[in-house]
Amino acid sequence: MSAGENPYASSYGGQMNVSASYGGAAPADDLIKDTTTANFTRDVLEASRQQPVLVDFWAPWCGPCKQLQPIIEKVVREGAGRVKLAKLNIDDHPSIPGQLGIQSIPAVIAFVGGRPVDGFMGAVPESQIREFIDKIAGPAGADEKAELEALLTEAKSLFDAGDLGGAADLYGALLQADPENPAALAGIAECMIAAGQPENARQLLSGVTPEVAADAAVAAVLKKLDQIEEARKLGDPAALEQALVQNPDDHAARLNLAKIRNVEGDRQAAADHLLHIMKRDRAFDDDGARRELLQFFDVWGPKDPATIAARRKLSSILFS
């Protein structure tokens, strides 16, 4: 499924481009620059407090330097901000390489936090340059993964606070960057369900791959959608309540009412109805109340307070 095919776009104000949200990317012309003795403090020492800076010490007469520069520039640009590159002509600016003990070129020194931390010499192959940058800046993708996790956490917090639009915007932004992200797909589907749009949620998830559908978060939302569709066919909850007033052991009515309360969001009431059935008649519907409660747990998640409370009560029934 491509980003352009996601049906959440019309429901939540369109998709957002989050390429700027990852903080690591920098303008291409800011990643690589020629530096001087006068600008070394700004271009290298101060800049390296924000992100690693590689300093390429070179000279116009140096053949290996000419071989190395296009390769290291290519790798730095492809890194899109993981590191910066500052090039210093040692013929024009000999004092700094002299202070650092640079005796042969090409030499590349990595600065982090205002200090030199590592380096290499010679016209090394591209693969070695990539390994060096991974060592200095961390494996490629590590920063992006951390940013994705932070955005998912923020989106979940907005959802829990009732800000469906804000949560959906963040989830939509994540899907713009990664259209098959299971957590973002599940999150925006949850926003749709909470906004009374389960059909849109079903449409969104109908196009995912089998691998994404098998993800725990997506599978839980799909199960919730099934529960919503089933509850719509179970009748009037007021009528079910009245049936229980007349006959508290009408377990079929109580089971249906539990399913309705669940999709309404009253998880405690839903669990209590099922636990009541279990206390009265474990054999009803071939232990159907317990099986249904376990289905609820799958959707609610193991850390949900309703799951924890109901699981504790369930254990007391099963093992008393």
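From a predicted model like this one, the values you see are computed outputs, not experimental measurements.

Analysis parameters
- Residues numbered from 1 in each chain as written.
- Predicted model: local features only at pLDDT ≥ 70, side-chain atom pairs only at ≥ 80, totals over all residues.
- Heavy atoms only, no water.
- Salt bridge = Lys/Arg side-chain N within 4 Å of Asp/Glu carboxyl O.
- Helix = DSSP H or I, 4+ residues; strand = E, 2+ residues; numbered from the N terminus.
- Buried < 20%, exposed > 50% of the residue type's maximum accessible area, 1.4 Å probe, protein only.
- Contact = heavy atoms within 4.5 Å.
- Core = buried A, V, L, I, M, F, W, Y, C linked by side-chain atoms within 4.5 Å.
- Polar contact = N/O pair within 3.5 Å; in protein donor to acceptor, adjacent residues only side chain to side chain.
- Disulfide = S-S within 2.5 Å.

In this section: the pattern of salt bridges. For the coordinates displayed, the defined rule picks out 24 salt bridges. Across the pair Arg261 and Glu264 runs a salt bridge, and its minimum N-O distance is 2.7 Å. On the criterion of helical spacing, the pair formed by Arg261 and Glu264 is a turn pair, its members being three residues apart in helix H14 (residues 251-264). Overall, Arg261 belongs to the buried group, its relative accessible area being 15%. Since its relative accessible area comes to 47%, Glu264 is described here as partly exposed. Connected through shared salt-bridge partners, Lys74, Glu78, Glu126 and Arg130 make up one network.

The next subject is the side chain of His273. In this structure, His273 sits in helix H15 (residues 267-280). Residue classification places His273 among the buried positions, given a relative accessible area of 12%. When sequence neighbours within four positions are dropped, the list of residues in contact with His273 reads Leu244, Arg254, Leu257 and Ala258.

This part takes up the nonpolar core. In a soluble, globular protein the nonpolar side chains are often hidden away together inside. If you look at the biggest cluster of nonpolar residues, it comprises 27 residues, and the most contacted ones within it are Tyr171, Leu174, Leu185, Leu204, Leu205 and Val221. Of all the secondary structure elements, the ones that give two or more residues to this core are helix H7 (142-160), helix H8 (164-177), helix H9 (182-194), helix H10 (198-206) and helix H12 (216-231). With 19 residues, the next largest nonpolar core counts Phe40, Ile102, Ile109 and Phe111 among its residues.

Note that Arg82 resides in the loop between helix H4 (63-78) and strand E3 (84-89). Since its relative accessible area comes to 16%, Arg82 is described here as buried. A polar contact of 2.9 Å, which involves the side chain of Arg82, links it to the side chain of Asp134.

What follows covers the state of the cysteines. With the rule as written, the count across this model stands at one disulfide. Between Cys62 and Cys65 runs a disulfide, and the two sulfur atoms are separated by 2.4 Å. Here the disulfide of Cys62 and Cys65 is right-handed, its torsion about the S-S bond being about 80 degrees. The class of Cys62 is buried, set by a relative accessible area of 3%. A residue is classified by how much of its surface remains accessible, and Cys65, at 1% relative accessible area, is buried.

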